[in-house]
Structure formats: structure tokens, C-alpha cells
Amino acid sequence: MNIAVDGPAGAGKSTIARLAAKELGFIYVDTGAMYRAIALYLLDNDTDINDEAALKSALDNININIVYENNVQHVFLNLQDVSTEIRSEKVGKMASTSSALAPVRAKLLDLQRDIAAKNDVIMDGRDIGTNILPNAELKIYLTASVDVRAERRYKELQLHGENPDLEEIKKGIEQRDYQDMNRDIAPLKQAEDAVYLDTSDMDIPEVVDKIIQLKKEAE
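What you see is a predicted model, and the numbers here were worked out from it, not measured in a lab.

Trainee: Give a detailed account of helix α7 (residues 146-159), specifying residues and quantitative values.
Mentor: A rise of 1.5 Å per residue sets the reference length of α7, with its 14 residues, at 20 Å; its end C-alpha atoms lie 20 Å apart and thus fit the reference within 8%. For α7, every residue scored as buried is listed here: R149, A150, R153 and L157. What you see down the axis of α7 is that its buried residues fit within an arc of 100°, all on one side. In this fold, the buried residues of α7 make contact with α2 (31-44), α4 (89-98) and α8 (166-182).

Trainee: Describe in detail the nonpolar core, supporting the description with residues and values.
Mentor: Counting residues in each nonpolar core, the largest one holds 33 residues, and the members touching the most others are I38, I64 and L133. Listed by contribution, the elements that provide at least two residues to this core are α2, α3 (52-60), β4 (72-77), α4, α5 (102-118), β6 (121-125) and α6 (128-132). The biggest single contributor to this core is α2, with 9 residues.

Trainee: Any chance you could break down empty space enclosed by the protein for me, citing the residues and the numbers?
Mentor: If you walk through the whole model with that rule in mind, you get 1 cavity of 30 Å³ or more. Of the volumes computed, that of the largest cavity is approximately 30 Å³. Along its surface, the largest cavity is lined by A4, D6, G129, K139, I140, Y141, K189, Q190, A191 and A194. Elements represented by at least two residues in the lining of the largest cavity include exactly β1 (2-6) and β7 (138-143). In terms of residue count, β7 provides more of the lining of the largest cavity than any other element does, 3 residues in total. Residue composition of the lining of the largest cavity, by class: 5 nonpolar, 2 polar and 3 charged.

Trainee: Summarise the sheet that holds strand β3 (residues 64-69); cite the residues concerned and give the values.
Mentor: Strand order in this open sheet of 3 strands is β3-β4-β5, and the pairing throughout is antiparallel. Either end of the sheet is taken by a strand with one partner, and the two such strands are β3 and β5 (80-81). As defined by bridge partners, β3 adjoins β4 across 6 bridges and the pair is classed as antiparallel. Across the sheet, V67 pairs through a bridge with H74, a residue of β4. Packed on one face of the sheet, α2 meets β3 and β4 and runs near 35° to β4.

Trainee: Hey, could you go over the sheet that holds strand β2 (residues 27-30) for me, with residue numbers and the actual values?
Mentor: Spatially, β2-β6-β1-β7-β8 is the arrangement adopted by the 5 strands of the open sheet, whose pairing is parallel. For this open sheet the edge positions go to β2 and β8 (195-198), each flanked by a neighbour on one side alone. Each strand axis lies, on average, 20° off the axis of its neighbour in the sheet, ignoring direction. The pairing of β7 with β8 spans 4 bridges and is classified as parallel. Across the sheet, the residue bridging to T143 is D198, located in β8. Sheet contacts for helix α9 (residues 204-218): β1, β7 and β8; angle to β7, the most-contacted strand, approximately 160°.

Definitions and cut-offs
- All residue numbers refer to positions counted from 1 along the written sequence of the respective chain.
- Only residues with pLDDT of at least 70 get local features here, since the model is predicted, and only at 80 or more are side-chain atom pairs given and counted; chain-wide, interface and lining totals rely on the full set of residues.
- By convention in this description, side-chain values take in all heavy atoms of the structure and omit both hydrogens and water.
- In DSSP terms, a helix is any run of H or I states spanning at least four residues, a strand is any run of E spanning at least two, and both are numbered starting from the N terminus.
- Here a helix's expected span is defined as the number of its residues, less one, multiplied by 1.5 Å.
- Throughout, exposure labels follow a simple rule: accessible area from a 1.4 Å probe, protein chains only, divided by the maximum for the residue type, with under 20% read as buried, over 50% as exposed, and the rest as partly exposed.
- Within this analysis, the arc is defined by the directions that extend from the helix axis to the C-beta atoms.
- In what follows, a contact means two residues having at least one pair of non-hydrogen atoms within 4.5 Å.
- The set of buried Ala, Val, Leu, Ile, Met, Phe, Trp, Tyr and Cys residues whose side-chain atoms join them within 4.5 Å is what this entry labels a nonpolar core.
- A 1.4 Å probe that fits but cannot get out identifies a cavity on a 1 Å grid over protein atoms alone, an open set with protein on both sides within 12 Å along at least five of seven lines counts as a pocket, and a residue lines either if it has an atom within 4 Å of a point.
- Grid points are joined across faces, edges and corners, and a volume is the space filled by probe spheres set on the points.
- Here the term charged refers only to Asp, Glu, Lys and Arg, the term nonpolar to Ala, Val, Leu, Ile, Met, Phe, Trp, Tyr, Cys and Pro, and the term polar to all other amino acids, Gly among them.
- Pairs of strands are assigned from DSSP output, requiring at least two bridges between the strands.
- Geometry is summarised by axes, namely lines fitted to C-alpha atoms with helices restricted to the contacting stretch, and by angles between N-to-C directions that run from 0 to 180 degrees.

This is the structure in C-alpha cells:
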């Protein structure tokens, strides 16, 4: 069974999907982490993403693996654990831009579909239900207000030792929403058969329980 979870930046997709997968015994596929790992490589290597040849050359040198140790996700970029580095705002902004590029999406599309074909998965991202897994048995569009998402991101960055600016985070989220919803390739939108789930006034356990309930209804 495949569960597709889409939604805007800061909606809590990764946290929710990971916990729901654990409860259901599914594999959690963090597509956002994959795109962030690519973005980190592009930044570290000063890749001109507008130069198609340079971009494709860089992508050929990228190998990504996601490993779970004691239920903790570790993202490896060319055998190096970059789980912390990929969560910075700088990498997030690059990921929002680079993930809209056809060569970047093609790099990960086959890998993501292959995992889903062989396993019970919960996969989260921007276009899972509309593009990556259009035949998923359950699709969920997970969102929250901009203010709530900014506050959640603010607290997350503080936990990582950063000193963020809440207003800057809010502006960044609004900008990423616009980019994600208006990009030419696989823009963020709710699939026609997706369940709309606004988590602004819900805590994490409530959202996880709701997804488990929806999964049972979809069986």
C-alpha cells in the first residue's frame, strides 16, 4: 500500500509521515531530504544550476542513501552523513529552486517509484500524489497556516542551535509556497482525490491518529 502526503513547506509532513509509518509498519520515504541532499551538493560545489551541462555533470556525481538507526533517519550524501547540514535555511531555499529542474527530478523519480513498488510506504513531498505516485491508495494534502508553519520552523531551527528571525522565516515560507505552486514542472497542488488536512489547530499525535484512521478507511 502506498500513502502519498503532499503539502507546503513547514506543514510537518516529514515528522507526521515518519511517525505514521512507524505506527503502521510502513517504510517512510523522505523525498524532501533527498532533494535537500542534492541542494547541499550543488551549493558546496558552486554548481551553476542554470548551466544544464554543469548541472547534469554534478548530478552524475551524487549518490544518496537514507538509513534508519534506532528509528532515527540518517541521510548520506556520497557516503557522508549530512543529516544536520541539509536542514539549514540556505539548503532549504536551494532545494526549493533546484527541485523544480527537470534533471534533478529525473534523478530521483525512478528511485522513489521503485521503492514504492516494492514496499508499503508513506512518501511525502510536493507532488507525490499528483506525479510520483498517482495511483497511491491514499493521498493526503497536509497543510497549516503560514503563521503556524513559520512558528514551527522557528522552533526547529532553535533546537539546532541557530538564532533565527521569525519574520524572515515567514517571508521565506511565503516565497517557497509561491515558487512551489507556480513552477513549470510538477507544481505543488492538491490531487483531486486527496484528503485535505489542515493541522493548524492539531498536535502531532492527533494528526498521526487521523492518518491511521484514513488508512483503515482506504483499505
